[in-house]
Amino acid sequence: MTTIGVLALQGAVREHIRAIHACGANAVEIKRKEQLEEIDGLILPGGESTTIRRLMDSYGIFTAIQNFADKGKPIFGTCAGLIIMAKSIVGQAEGHLGLIDMTVARNAFGRQVASFEAELDVAGIAEGFRAVFIRAPYVVEVGKNVEILATYDEHIVAVRQGPFIATAFHPELTDDHRLISYFIHLTATNKS
Ligand code: GLN
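Since the structure is predicted, the reported quantities are computational estimates derived from the model, not experimental observations. Every residue gets a number counted from 1 within its own chain, in the order that chain's sequence is written. Local features in a predicted model are, by the rule used here, given only for residues with pLDDT of at least 70; side-chain atom pairs are given and counted only at 80 or more, and totals for whole chains, interfaces and linings are based on all residues.

1. Considering the overall build of the protein
Here is step 1: For the protein, the helix and strand inventory stands at 5 helices and 12 strands.
Here is step 2: What the globule rule says is 2.2 Å times the number of residues to the power 0.38, and the radius of gyration is computed from C-alpha atoms. A globule of 192 residues ought to have a C-alpha radius of gyration of about 16 Å, and the protein, at 15 Å, matches this closely.
Here is step 3: Seen through its principal axes, the protein has C-alpha atoms that stretch 40 × 35 × 30 Å.
Here is step 4: Three classes are used. A residue is buried when 20 or more other C-beta atoms lie within 10 Å of its own, exposed when 12 or fewer do, and partly exposed in between, with C-beta atoms placed from the backbone. A burial count over the protein gives 46% of its 192 residues as buried.
Here is step 5: Sequence separation of 24 or more characterises 66% of the internal contacts of the protein that already satisfy a separation of 6 or more. For helices the rule is a DSSP run of H or I covering at least 4 residues; for strands it is a run of E covering at least 2, with both sets numbered from the N terminus onward. Here contacts are defined at the residue level, using C-beta atoms placed from the backbone and a cut-off of 7 Å between them.

2. Topic: the UniProt feature "active site" (unreviewed entry) in the protein
Here is step 1: UniProt positions are given in the numbering used here, feature names are shortened, and annotations may be inferred rather than shown by experiment. If you check UniProt for "active site" (unreviewed entry), the listed places come out as C79, H170 and E172 in our numbering. Over a stretch of 94 residues, the named residues converge on one spot in the fold, their C-alpha atoms separated by at most 11.0 Å.
Here is step 2: Among the structural elements, H170 can be located in the loop between β12 (164–167) and α5 (178–191).
Here is step 3: On the neighbour-count criterion, H170 (25 C-beta atoms within 10 Å) is buried.

3. Considerations on the UniProt feature "binding site: L-glutamine" (unreviewed entry) in the protein
Here is step 1: The residues that UniProt annotates with the feature "binding site: L-glutamine" (unreviewed entry) are G47, E48, S49, R106, I134 and R135. The named residues occupy 89 residues along the chain; their greatest pairwise C-alpha distance, 12.8 Å, places them in one compact cluster.
Here is step 2: Residue position: S49 is located in helix α2 (residues 49–58).
Here is step 3: With sequence-adjacent residues up to four places away left out, S49 is seen in contact with A80, I83, I84 and R106.
Here is step 4: By secondary structure assignment, the location of I134 is in strand β8 (residues 126–134).
Here is step 5: In this structure, I134 is in contact with G46, C79, S115 and H170, ignoring residues within four places of it in sequence.

4. Thoughts on the site of the ligand
Here is step 1: For each residue, a C-beta atom is placed from the backbone, and the residue counts as near a molecule or strand when that atom lies within 6 Å of it. Neighbouring the ligand are G46, G47, E48, S49, C79, A80, I83, R106, N107, I134 and R135.
Here is step 2: Classifying every residue of the shell around the ligand gives 4 nonpolar, 4 polar and 3 charged. Each residue gets one of three labels, nonpolar for Ala, Val, Leu, Ile, Met, Phe, Trp, Tyr, Cys and Pro, charged for Asp, Glu, Lys and Arg, and polar for the others, Gly among them.

5. Topic: the environment of V6
Here is step 1: Tracing the sequence through the fold places V6 in strand β1 (residues 3–7).
Here is step 2: It is 9.9 Å that separates the C-alpha atoms of V6 and G77, two residues lying 71 residues apart in sequence.
Here is step 3: With near-sequence residues (within four places) excluded, V6 lies in contact with V13, H16, I17, A27, E29, I30, I43 and P45.

6. Things to note about α5
Here is step 1: Its 14 residues place the ends of α5 20 Å apart at the C-alpha level, agreeing with the 20 Å of an ideal helix rising 1.5 Å per residue.
Here is step 2: Buried residues of α5: L179, I180, Y182, F183, I184, L186 and T187, and no others. Helices are assigned an expected span. That span is 1.5 Å times one less than the residue count.

7. Things to note about the confidence of the model for the protein
Here is step 1: For every residue, the predictor assigns a confidence score, pLDDT, that lies between 0 and 100. Residue-level pLDDT values for the protein average 96, and 98% of them are 70 or greater.
Here is step 2: On the interface metric, ipTM, the complex scores 0.94, and its pTM is 0.97.

8. Observations concerning the nonpolar core
Here is step 1: Among the nonpolar cores identified, the biggest contains 64 residues, and L42, M85, I100 and V122 are the most heavily contacted of them.
Here is step 2: Here this core takes 6 residues from α5, the largest share from any one element.
Here is step 3: Ignoring sequence-local partners within four residues, the contact set of V122 consists of F129, L149, A150, A158 and L179. The nonpolar core criterion groups buried Ala, Val, Leu, Ile, Met, Phe, Trp, Tyr and Cys residues into a set whenever they are joined through C-beta atoms within 7 Å.

9. A few points about the pairing of strand β3 (residues 41–44)
Strand residues, when the strand is regular, have side chains that alternate between the two faces of the sheet.
Here is step 1: Every second residue of β3 is oriented toward a common face, with G41 and I43 on one face and L42 and L44 on the other, all of them buried.
Here is step 2: For two strands to count as paired, DSSP must find a minimum of two bridges between them. Bridge count for β1 against β3 is 3 bridges, and the pairing is parallel. The residue of β3 that forms the bridge with G5 is L42.
Here is step 3: Pairing of β3 with strand β4 (residues 75–78), which is carried by 3 bridges, proceeds in the parallel orientation. Looking across to β4, one finds that I43 is bridged to F76.

So, in structure tokens, the structure goes:
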């Protein structure tokens, strides 16, 4: 069976675990770097990207996740997770993991619209997907190897680069598990 880890330092961890179980895969909360050896794919949840990054450093797991990615293991970042996967972040000197060749803007939809829902078509994965955005970022620019999976209001909100996928919204907060299920499938294929 495929085992998916959810980085469990801060943020929407439990909702991802529940969604993974609903899709029939194993789910593990990841807090220690040794646990990365038990999993086939990793989800970086939404939350607060600066807090998650700080905790990644203090738990000594940041480099271990980079090594996990270097092995070509699938990673799915949602919301703050998307920010952590980006090569660069508007207004910041450096990105975090830099796994996807893209520039992202944090809290990009503005303070007035802290959260909203929208129906999106996610290319080849889910038509009419109800996406929940919470103080969401969006992608400002992508490199040529990045596939744009979805846009909202002309802004890029879902991307894929090889084994790495990222969404500006939270796919774990509704009962529509098509995106999580897609990630589990990608991970299972990668494993075999
Ligand atoms: N605005 C948050 C950040 O910059 C992300 C919000 C979220 O994950 N829901 O980290």
